[in-house]
Amino acid sequence: MQSTAPLLRVVAVGSVDDGKSTLIGRLLHDTGHLTRDQLEAVEEASLRRGRKGIDLALLTDGLRAEREQGITIDAAYRSFDANGRRILLADAPGHEQYTRNMVTAAAGSDVAILLVDAVHGITAQTRRHLALCALLGLREIIACVNKIDLVGYDEQRFREIEVGLVEVGAGVGCHHVTVVPISALEGANVVAPAETIPWYAGPTVLDLLHEIDPPMADDAFTMPVQWVVRHDLDGADLRGLSGRIESGAIAVGDDVVALPSGVMSRVARIDVLGTDTDLAAAPLSVTVHLEDDVDVARGDTLVGVDSAPPLSSRVEATVAWLDETPLVPGARMEFRQGTRYVPVIVDSLEARLDLGTLRHEPASALEVNDIGVVSLHTAAPVVAEAYSSNRARGAAILVDSATNRTVGVVILTGTAAAVA
Amino acid sequence: MATLTELSTLDVLEAEAVHVIRECAAECERPVLLFSGGKDSIVLTHLAVKAFAPAGLPFPLLHVDTGHNFDEVVAYRDAMVARLEERLIVASVEESIAQGRVQDETGPRASRNRLQTTTLLDAIAEHRLTACFGGARRDEERSRAKERFFSHRDAFGQWDPRNQRAEPWSLYNARLKPGEHLRVFPLSNWTEVDIWAYVEREGLELPSIYFAHEREVFERDGMLLAVHPAVERYPHEKPFTETVRFRTVGDATCTGAIRSSAADPREVLAETRASDVSERGASRADDRTSEAAMEDRKRDGYF
């Protein structure tokens, strides 16, 4: 039986000035996770900046440049407990120019909190963030219509935005959008229900963080091999394959195959950090012993024989481009999937996603923060399973071998036909 | 033989930390684990041992020794290294001072905290280290809340917080140019409470100063500092005996004690859960100098 996840990864997104940092400060404050000295420091910092009252945003804007400019540049991570569940919250930057940092924070998250300013309503950045959340497979969105106090707690205004959000969500592929009217500044509907909003009887933000069950983990067993541990036992040279189970579960006796080599064997023993077990599931770090002494090493991925994905050296993908140097067809880079690096050439750039209209348009290059559809040609076959069917298998990054920077986030969509 | 049971938060955090440790060990040529004798680095060492068992650690430990340590901590360090049969490199701030690399501060406010950075960067250069595991946690301080698991440092040891590498999912990028290195933080998502819960669960031994004991202390800036040969007192700072424990363990000159009767991990855990003062607020004088004190030190290459 699937148990409730003990740890929920949440990312807070939205336009600049929509109040993400304030909401996070409010969540920490109203759930009693702020200590006296932290509060005093924020009070002092607020006064020094001439704010009236405590500016809770100063809690998470941890960099000097962020506090000076009053914006969030890079994601800050905070954690707190909600009814026995650990919430790991990433405060993502809202500025368009830092979209790449938002993508970093959202990849791997289970749930997004999307902030919308009740005064400004849905903006291009709201659409962009919803599209990015859909692309990264975040199926649950808690949309907060913030600063409801500034529109006189007007239900009509809220309903307009609510309808718009659900519509945009459905358009980009986010089908679970729950909309809540809040005032992060006043704490309305963040932790406690708001008396100022009598027409809303739904859950608060914290209620939703308690209740939401993250989408079922992808069930096909996947374990990239990180490390081969060797040791002598009574004269026998034993080899264990260490790695983290990224999806699914594995049991002693299961037939597995190592990709890309295709070498097959059967699981003889599973060691979870010193404890032998019959069965282990994601996200545990384990050491797997196989029945046969086969050649498997770092870079290989163990999967179940029954759920082995196709391999291909030509794949289609959606790429979020993170680098200042644009991506152009013919570019050579390294493709990292699981624990393996493979040289890659961008065969073609099919389209660029216009984040304003959410339409695909022809393009000759992807600029920083752009999203596009590409065909990739890898120097050796890679796992060609779509991200939508298994996140662990369909995710990759692009690394520039000259600068060593992580330049692209890759969402595999399938195999591609060879370019003539 | 155990079967699949419901996972706890600690199980998930443990698996994540081990994943990060294995990634770094596999991708980096010469990693080292920064060991201070504090609880976080003790937990980190324990996780590293588990990550590679039954084989030994594929990297040595490195202690940046300020020469102003608590005796109990140095004794703990030596006993632990002997028990684990692992390698330990000691980089000495006293030697850096003797060589004229840094100048020792003087007076009652003197601290070697900042000097450690030079000693650490010299050790990284001398041993051509490519990665340093650190026990830093994001809940400790707000500039740490911004840091990646794999945090890149340029050839000058500097952190550029405005231009960090993307780290989507857990596809870490450990690529380096000559002279550069990484700081790697497997405990990023742990809290102080998690550390104590894990110490209790795993039955880890800690230096005795983490638990209530009688000690000669004096008060400064609302903190209790230990009477210690390295700490000069102002005339009005009169020592007295108090039952205390330390929440963090660092240089004796800037680590404050708290009044406590918690004698074992379970009692400390209960006290930590109930505390309304943060770990750093309670015990680190070094972070009180300015709003961005930690960020500034981190940019320069501090842990």
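Computed from a predicted structure; not experimentally measured.

S.K.: Would you mind showing me how to read the overall build of chain A here?
M.R.: When helices and strands are counted, chain A shows eight helices and 23 strands. Scaling as 2.2 N^0.38, a compact globule of 420 residues should have a C-alpha radius of gyration of about 22 Å, and chain A matches this with 23 Å. Projected onto the principal axes, the alpha-carbon positions of chain A cover approximately 70 × 55 × 40 Å. Across the 420 residues that make up chain A, the buried fraction comes to 59%. Once local pairs closer than 6 in sequence are excluded, the contacts in chain A between residues at least 24 apart make up 69%. Placing the 35 positive and 58 negative side-chain charges of chain A at their respective mean positions leaves the two points 5 Å apart.

S.K.: Mind showing me how you'd approach the domain arrangement of chain B here?
M.R.: How big an interface is tends to be stated in terms of accessible area lost as the parts join. All names here are of chain B. Under the domain assignment, chain B is made up of domain 1 (9–193 + 292–300) and domain 2 (206–288). Here domain 1 and domain 2 have C-alpha centroids that lie 23 Å from each other. Contacts between domain 1 and domain 2 engage 28 residues on the former and 29 residues on the latter. Across the domain 1 to domain 2 interface the summed buried area is about 2,500 Å²; carbon plus sulfur atoms make up 53%.

S.K.: Explanation requested: the domain arrangement of chain A in the structure shown.
M.R.: Residue and element names in this part refer to chain A. Taken domain by domain, chain A consists of domain 1 (7–211), domain 2 (222–307) and domain 3 (311–415). The centre of domain 2, based on its C-alpha atoms, is set 29 Å off from the matching centre of domain 3. Each side of the interface is counted separately: domain 2 has 13 residues, and domain 3 has ten residues. In total, about 880 Å² of surface goes out of reach between domain 2 and domain 3, with carbon and sulfur atoms giving 57% of it. Across the domain 2-domain 3 interface, the total number found is zero salt bridges.

S.K.: Any chance you could explain the packing of aromatic side chains here in plain terms?
M.R.: Each aromatic ring pair is summarised here by two numbers: the centre-to-centre distance and the angle between the ring planes. Scanning the model with the defined rule gives twelve aromatic pairs over all chains in all. Centre to centre, the rings of Phe 149 of chain B and Tyr 172 of chain B are 5.7 Å apart; their planes meet at 50 degrees, and the pair counts as tilted. Taken together, the residues span a long stretch of sequence, with Phe 149 of chain B in the loop between strand S4 (131–133) and strand S5 (150–153) and Tyr 172 of chain B in the loop between S5 and strand S6 (181–184) at a distance of 23 residues. The two residues Phe 149 of chain B and Tyr 172 of chain B agree in class, both being buried. Seen from their ring centres, Phe 150 of chain B and Tyr 172 of chain B are 4.7 Å apart, and the 15 degrees between their planes marks the pair as stacked. Of the two residues, Phe 150 of chain B sits in strand S5 while Tyr 172 of chain B sits in the loop between S5 and S6, which places them 22 residues apart along the sequence. For the pair Phe 150 of chain B and Tyr 172 of chain B, one class covers both residues: buried. Over the ring of Tyr 341 of chain A we find Arg 175 of chain B; its NZ or CZ atom is 3.8 Å from the centre of that ring.

S.K.: What is the right way to read the environment of Glu 160 of chain A from this model?
M.R.: Residue and element names in this part refer to chain A. Structurally, Glu 160 is set in helix H6 (residues 155–172). On the basis of relative accessibility, which here comes to 46%, the residue Glu 160 falls in the partly exposed class. Between the C-alpha atoms of Glu 160 and Gly 121, which are 39 residues apart in sequence, the distance is 8.8 Å. Within polar-contact distance, the side chain of Glu 160 engages the side chain of Arg 157 at 3.1 Å.

S.K.: Teacher, can you tell me more about the pairing of strand S2 (residues 61–65) of chain B here?
M.R.: Within a regular strand, side chains alternate between the sheet's two faces. Residue and element names in this part refer to chain B. Within S2, five of the five residues are buried, leaving the element largely enclosed by the surrounding structure. Alternating positions in S2 separate into two faces, Leu 61, His 63 and Asp 65 on one and Leu 62 and Val 64 on the other, with burial throughout. Across two bridges, strand S1 (residues 31–34) lies against S2 in parallel orientation. Looking at S2, one finds that Leu 34 is bridged to Leu 62.

S.K.: Mind showing me how you'd approach the sheet that holds strand S6 (residues 176–181) of chain A here?
M.R.: Residue and element names in this part refer to chain A. Strand order in this open sheet of six strands is S2-S3-S1-S4-S5-S6, and the pairing throughout is mixed. Strand pairing shows two members of the sheet lacking a second neighbour, strand S2 (76–82) and S6, which therefore form its edges. Averaged over all pairs of adjacent strands, the angle between their axes in this sheet comes to 25 degrees, without regard to strand direction. Here strand S4 (residues 111–117) runs beside strand S5 (residues 140–146); their pairing, made up of seven bridges, is parallel. Bridged to Leu 115 within S5 is Cys 144. The strands touched by H6 within the sheet are S4, S5 and S6, with S6 carrying the most contacts at an inclination of about 165 degrees.

The rules we used
Residues numbered from 1 in each chain as written. Chains lettered and ligands numbered in written order. Predicted model: local features only at pLDDT ≥ 70, side-chain atom pairs only at ≥ 80, totals over all residues. Heavy atoms only, no water. Helix = DSSP H or I, 4+ residues; strand = E, 2+ residues; numbered from the N terminus. Rg over C-alpha atoms; globule rule 2.2 N^0.38 Å. Buried < 20%, exposed > 50% of the residue type's maximum accessible area, 1.4 Å probe, protein only. Contact = heavy atoms within 4.5 Å. Lys, Arg positive; Asp, Glu negative; His and termini not counted. Charge placed at Lys NZ, Arg CZ, Asp CG, Glu CD. Domains from an automatic or database assignment. Buried area = accessible area lost by both parts, 1.4 Å probe. Salt bridge = Lys/Arg side-chain N within 4 Å of Asp/Glu carboxyl O. Phe/Tyr/Trp six-rings, centres within 6.5 Å; stacked < 30°, edge-to-face > 60°. Lys NZ or Arg CZ within 6 Å of the ring centre and 35° of its normal. Polar contact = N/O pair within 3.5 Å; in protein donor to acceptor, adjacent residues only side chain to side chain. Pairing = 2+ DSSP bridges. Axes fitted to C-alpha atoms, helices over the stretch in contact; angles between N-to-C directions.

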